[in-house]
Amino acid sequence: MTLSEKIFHAGVVGAGGAGFPAHVKAKSKVEFVLANGAECEPLIHKDYELMLHFPKEILNGFDLLIESTSAKKGYFGIKEKNAKAIAAIHKYLNGKKELTKLGDFYPSGDEFELVYAATGRLIPPSGIPLDIGCVVNNVETLYNISRAEKDLAVTEKFICVAGAVKKPSSFFVPVGTSFKDVIEFAGGSRVSEFGIFVGGVMMGHLTFDLHDVITKTTAGLIILPKDHYLIKRKNQPEQNWHRIGKSACDQCSYCTEFCPRYLLGYQVEPHKVMRSLGFTKTGSSVWNQTAELCCSCGLCTLYACPEDLYPKEACDKAKVEMREAGIKFIQQKEVKVHPIKEGRRVPLPQLIMKLNLQDYNVEAPFNSEKISINKVRIPFQQHIGKPAKAIVKKNEVVEEGQMIGKVQDGEMGANIHASISGKVSQVTSENIFIEA
Ligand code: SF4
Ligand code: SF4
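Residues numbered from 1 in each chain as written. Chains lettered and ligands numbered in written order. Predicted model: local features only at pLDDT ≥ 70, side-chain atom pairs only at ≥ 80, totals over all residues. Heavy atoms only, no water.

**A few points about the state of the cysteines**
Summed over all chains, the structure comprises zero disulfides. Take C160: it sits in no disulfide, and the sulfur closest to it among the cysteines is that of C40, at 14 Å. Among the residues examined, C160 registers a relative accessible area of 0% and is labelled buried. (Disulfide = S-S within 2.5 Å. Buried < 20%, exposed > 50% of the residue type's maximum accessible area, 1.4 Å probe, protein only.)

**Re the sheet that holds strand β6 (residues 156–163)**
Pairing within the open sheet is mixed, and its five strands lie in the order β7-β6-β10-β8-β9. With one partner strand each, in any of the chains shown, β7 (169–174) and β9 (205–207) form the two edges of the open sheet. Each strand of the sheet is rotated relative to its neighbour by a mean of 30 degrees, with strand direction disregarded. Note that β6 and strand β10 (residues 220–225) share four bridges and pair parallel. Of the residues in β10, the one forming a bridge with C160 is G220. The strands that helix α3 (residues 46–53) touches are β6 and β7; relative to β6, the one it contacts most, it runs at about 125 degrees. (Pairing = 2+ DSSP bridges. Helix = DSSP H or I, 4+ residues; strand = E, 2+ residues; numbered from the N terminus. Axes fitted to C-alpha atoms, helices over the stretch in contact; angles between N-to-C directions. Contact = heavy atoms within 4.5 Å.)

**A word on the site of ligand 2**
Close to ligand 2 lie C259, P260, V268, P270, C294, C295, S296, C297, G298, C300, K312 and C315. Considering only residue class, the shell around ligand 2 consists of nine nonpolar, two polar and one charged. (Near = heavy atom within 4 Å. Nonpolar A, V, L, I, M, F, W, Y, C, P; charged D, E, K, R; others polar.)

**A look at the site of ligand 1**
Near ligand 1 there are 14 residues, and of these C249, C252, S253, C255 and C305 occur at the shortest range. Across the shell around ligand 1, the residue classes tally to nine nonpolar, three polar and two charged.

**Observations concerning the packing of aromatic side chains**
Summed over all chains, the structure comprises 13 aromatic pairs. Seen from their ring centres, F32 and Y75 are 5.5 Å apart, and the 55 degrees between their planes marks the pair as tilted. Of this pair, F32 sits in strand β1 (residues 32–37) while Y75 sits in strand β2 (residues 73–79), placing them 43 residues apart in sequence. A residue is classified by how much of its surface remains accessible, and F32, at 8% relative accessible area, is buried. Of the residues examined, Y75 reaches a relative accessible area of 11% and is grouped as buried. Look at F54 and F366: their rings are 5.6 Å apart centre to centre, the planes differ by 75 degrees, and that puts the pair in the edge-to-face class. Remark: F366 occurs in the loop between α16 (348–354) and β12 (375–379) and F54 occurs in the loop between α3 and α4 (55–68); sequence separation between them is 312 residues. Accessibility expressed as a relative area gives 16% for F54, which makes it buried. The exposure class assigned to F366 is partly exposed, which follows from its relative accessible area of 22%. Connected via pairs of aromatic rings, a cluster forms that spans F54, Y143, F158, F172 and F366. The ring of F208 has K226 sitting right over it, with the charged end atom 5.3 Å from the ring centre. Over the face of the ring belonging to F112 we find R261, whose NZ or CZ atom lies 3.7 Å from the ring centre. (Phe/Tyr/Trp six-rings, centres within 6.5 Å; stacked < 30°, edge-to-face > 60°. Lys NZ or Arg CZ within 6 Å of the ring centre and 35° of its normal.)

Written as C-alpha cells, this is what we have:
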C-alpha cells in the first residue's frame with residue numbers, strides 16, 4: 001500500500017479543527033510541507049504537550065509526508081516562546097526541514113498566516129495551500145500519519161481539558177468518549193454550573209451537553225463558570241446578535257482594522273457585513289460578500305469591537321446565506337500585505353486578559369494514565385466530505401482498531417474504527433455505539 005492508501009485506511013483526518021481527510025494531501029505533489037505547531041487558542045496546550053512528549057513520531061510523519069509529496073523542503077511552525085518543545089523537535093531536524101519560529105500572537109496558527117510566515121507566499125483568495133505548492137498539517141495529524149504507516153488506525157484523540165477543572169491536563173481518550181467522562185478525568189469541574197467550549201473559546205462552540213462526545217477533530221474542552229463573561233456573550237440567542245448589531249454598530253471599523261485576513265491583504269471587511277445587517281439582503285450588495293474569505297477566528301467579536309457586537313457571527317451568517325444563494329465572491333484586487341500588519345498583531349497574553357481568562361491560564365501537562373471507558377458513541381461524520389457507512393451490525397463484537405464504518409476507496413471522507421473493544425449496542429443513522 002502507498003502512504004496515501006495507508007492513511008485512508010487508518011481514517012486520518014486533520015486533527016487541527018476542520019477534519020480534512022489527510023490521504024488527499026499525501027497524494028499531492030508540492031514544493032513545501034508545513035507542520036503546524038502554532039497552537040494559538042487561549043488555554044489549549046495539547047499540541048505543545050504532544051511536541052514535548054512525541055517529537056519522534058511527529059517528525060516521522062513529517063518525513064513520510066515530505067517524501068510522498070516529493071517536497072523539496074519542510075517547515076515546522078512553532079511559537080518561539082515554546083522553548084522546550086523547540087528543543088525536543090530540533091533534535092530531528094536537518095537541512096531539508098527547518099523551524100519557522102512564530103511570535104505569540106493570535107491567530108498565528110491560521111494556515112494563511114503560517115504559509116506566509118514560512119514561505120512568504122500568499123494563498124490566492126478562496127484558494128488552498130496546494131494552489132501555491134504547499135500542504136499544511138497539524139502536528140497531531142503528523143503523529144497519526146506516523147501510526148498509519150504502521151497500520152494503526154485513529155482510535156484515540158489527544159485533547160486538552162482546561163479552565164475551571166481541578167486538574168488541567170492533556171491526555172489521550174478513545175474517540176467517542178463523553179464530555180462527562182473526560183471532565184471527570186481532569187479532576188472534575190471546580191464549579192457546579194458551567195459551560196463547555198468545545199475546541200476553544202475563539203473558534204470553538206459552546207455547549208452544556210455533557211453527553212456530547214470527543215471526535216477526531218476535538219482539540220480540547222474549556223470549562224468556564226456559567227456566569228463567566230464568555231459564556232454570557234456566547235449564550236445569547238442568535239437573533240439577538242444580529243438585532244443588536246443592526247442598531248448599535250457605529251461603523252467604527254475596528255473589526256476590519258484588526259482582522260488578520262484583512263491585514264494579510266484579503267478583502268475581508270466585517271464592518272461592511274455589519275452594515276448589510278441594516279440595509280440589504282444577501283446578494284443585493286457586495287457588502288455581505290466581504291465575509292467570504294473570513295476564517296472565523298473570532299478576533300473581531302471577542303477582541304476588536306468596542307461595543308461587544310458580533311461581527312464574526314454576522315460573517316458566518318453571510319457566508320451561509322451566500323452559499324444558499326449560489327453567490328461566490330471572487331476577489332479582483334491583488335492580495336497585498338497591509339503595511340501596518342505587524343503593528344496590529346494581537347499578543348496572546350493581551351487577548352487572554354481581554355477575555356478575562358487570566359485566572360485559568362496555566363499549564364496543562366501530559367497525563368499518560370489510560371482513561372477507563374466502557375461506552376463510546378462514534379459519529380459517522382467527523383470530517384469534511386462524505387460520512388462513513390456502517391459495516392458492523394447491532395450485537396456484533398468488535399476489537400479496538402477494527403474498521404466499523406467505511407467510505408468508498410478514494411472517496412473524499414474518512415473511515416472510522418472501534419475505539420474500544422466490546423459489543424455494538426446500537427447503530428443509528430449518525431452513530432455507532434459500543435459497550436465494553
Ligand atoms: S467594531 Fe463593532 S461597532 Fe465597530 S464597525 Fe465593527 S461591529 Fe461595528
Ligand atoms: S472572524 Fe472577524 S477578524 Fe476573524 S477573519 Fe473573520 S472577519 Fe476577520
